[in-house]
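# Observations on the three-dimensional arrangement
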Amino acid sequence: GGLTMHLQPIVDLRNGQVVKVEALARLRLEDGSLVAPASFLPLLGDADLDHLFRLGLAEALAQFARWRAKGWQAEISVNLPPAALLDPDCPRWIHAALQHSGVPAACLTVEIIEPHGPDLSAQDAAIAKLLALGVKLSMDDVGSGYSNLQRLAELPVEDIKIDQHLLCRLRSDPLRTLALIAAIIQMGQDFSQNVIVEGLEDLGMVEAVAVLGAPYGQGHGLAHPMPAEDLATWRQAFRLPLTPGTLHSYLGALAYHWRFVHGGGRATPSPAADPLAHFIADRLPADSPAACWHAQTQQGPDAQVASQALMNWLADQVRQEAADSPPPNNAGALAIAPEGAEKP
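The text that follows walks through the structure, step by step, so that each part is easy to find. (Residues numbered from 1 in each chain as written. Predicted model: local features only at pLDDT ≥ 70, side-chain atom pairs only at ≥ 80, totals over all residues. Heavy atoms only, no water.)

Our next topic: the pairing of strand S2 (residues 18-28). Looking down a regular strand, the side chains alternate between one sheet face and the other. Counting buried residues in S2 gives eight out of 11 residues, a clear majority hidden from the surface. Connecting strand S1 (residues 3-12) to the next strand, S2, in antiparallel fashion are five residues, including Gly 16 with a positive phi near 80°. As paired elements, S2 and strand S4 (residues 75-79) share four bridges and run parallel to each other. Residue pairing across strands places Val 21 opposite Ile 76, the latter belonging to S4. The pairing of S2 with strand S3 (residues 34-35) spans two bridges and is classified as antiparallel. (Buried < 20%, exposed > 50% of the residue type's maximum accessible area, 1.4 Å probe, protein only. Helix = DSSP H or I, 4+ residues; strand = E, 2+ residues; numbered from the N terminus. Pairing = 2+ DSSP bridges.)

Right, let's talk about the packing of helix H9 (residues 203-211) against helix H11 (residues 250-261) for a bit. Where H9 contacts H11, the two axes come as close as 7 Å, and the packing angle between them is 15°. When the interaxial angle is binned, H9 and H11 end up roughly parallel. Regarding H9 and H11, the two cross each other, and that crossing is right-handed. Contact residues: Gly 204, Met 205, Glu 207, Ala 208 and Val 211 in H9; Leu 251, Gly 252, Ala 255, Tyr 256 and Arg 259 in H11. (Axes fitted to C-alpha atoms, helices over the stretch in contact; angles between N-to-C directions. Parallel < 35°, antiparallel > 145°, perpendicular 65-115°, else oblique. Left-handed = near helix turned anticlockwise from the far one by under 90°. Contact = heavy atoms within 4.5 Å.)

Time to look at the layout of surface pockets. It is a probe the size of a water molecule, rolled over the atoms, that shows where empty space is left. Put simply, the second largest pocket is a space of about 360 Å³. Listing elements by their share of the lining of the second largest pocket, those giving two or more residues are H9 and H11. Here the lining of the second largest pocket is built from residues that sort into 10 nonpolar, three polar and four charged. (1 Å grid on protein atoms, 1.4 Å probe; cavity = no way out; pocket = protein on both sides within 12 Å on 5 of 7 lines; lining within 4 Å. Points joined across faces, edges and corners; volume = space filled by probe spheres on them. Nonpolar A, V, L, I, M, F, W, Y, C, P; charged D, E, K, R; others polar.)

See the structure below:
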């Protein structure tokens, strides 16, 4: 009786609207303290995880039914343990939970880990049965190391979620990580799939992926997982921490310049309309190397050299900020998944 589902909003990075909430498992002890999923998920076998999924799904849908009765327009997602996907009873579990709660199937997203292994036909058949219920599918942990581009193109998923572990390298290896994130965002657009970036821990991360064109985000930089009863208060107070046409962080500035360099011949913004020009001017003297490099990127024969110098300088600032700041504490923020896979 200790299972409780905390909820983490998924936010539209273009307008600040909450489009979905993800239900995440917690265990509450008799003294009221919460046990982090990292402490109990690795101890569970497949049958235990299946049981946890059924309990968590029932609670999450019951919570959602109450919000929906009050006019809630967002959706809810729940993680499906990998072994449960191939359980022949899984569609029946989900159908029964939907029927009991009265929640329409289209309001539920089932998050799955990319099916891989020798028996892809069985996995595809299982996915088809889930889709026949009318629920939506989301591919979790894209970019975690084994994603197959052909499978991602073929699988009928509505959302793909960029793995939060990829985001962990944004500050230690910013240029390559930005390139990977941008490639996945573009791939999702090409496949007509919604892209959700997980693990957005702070304003810099939120700003960087928004600049790269990510439509949706999730993480502590937007909202922590919270009890269901706290969600309404959070919604009333939440404001998207971004200002159109303004850069707030070195990571966002680097993403902006990276996208400008790799933008395929996008028009050079005028100085008055260039957020990077304002960002540099607010922080550095007009004769600083960075300001001079930025001015040279706008015109002159050395534009490409100056652009690369500015890119390297911004990347250095991102790495220096990371070295000067302690890492965020994400202990206890995990989803219903085996092996204690971290979630934002």
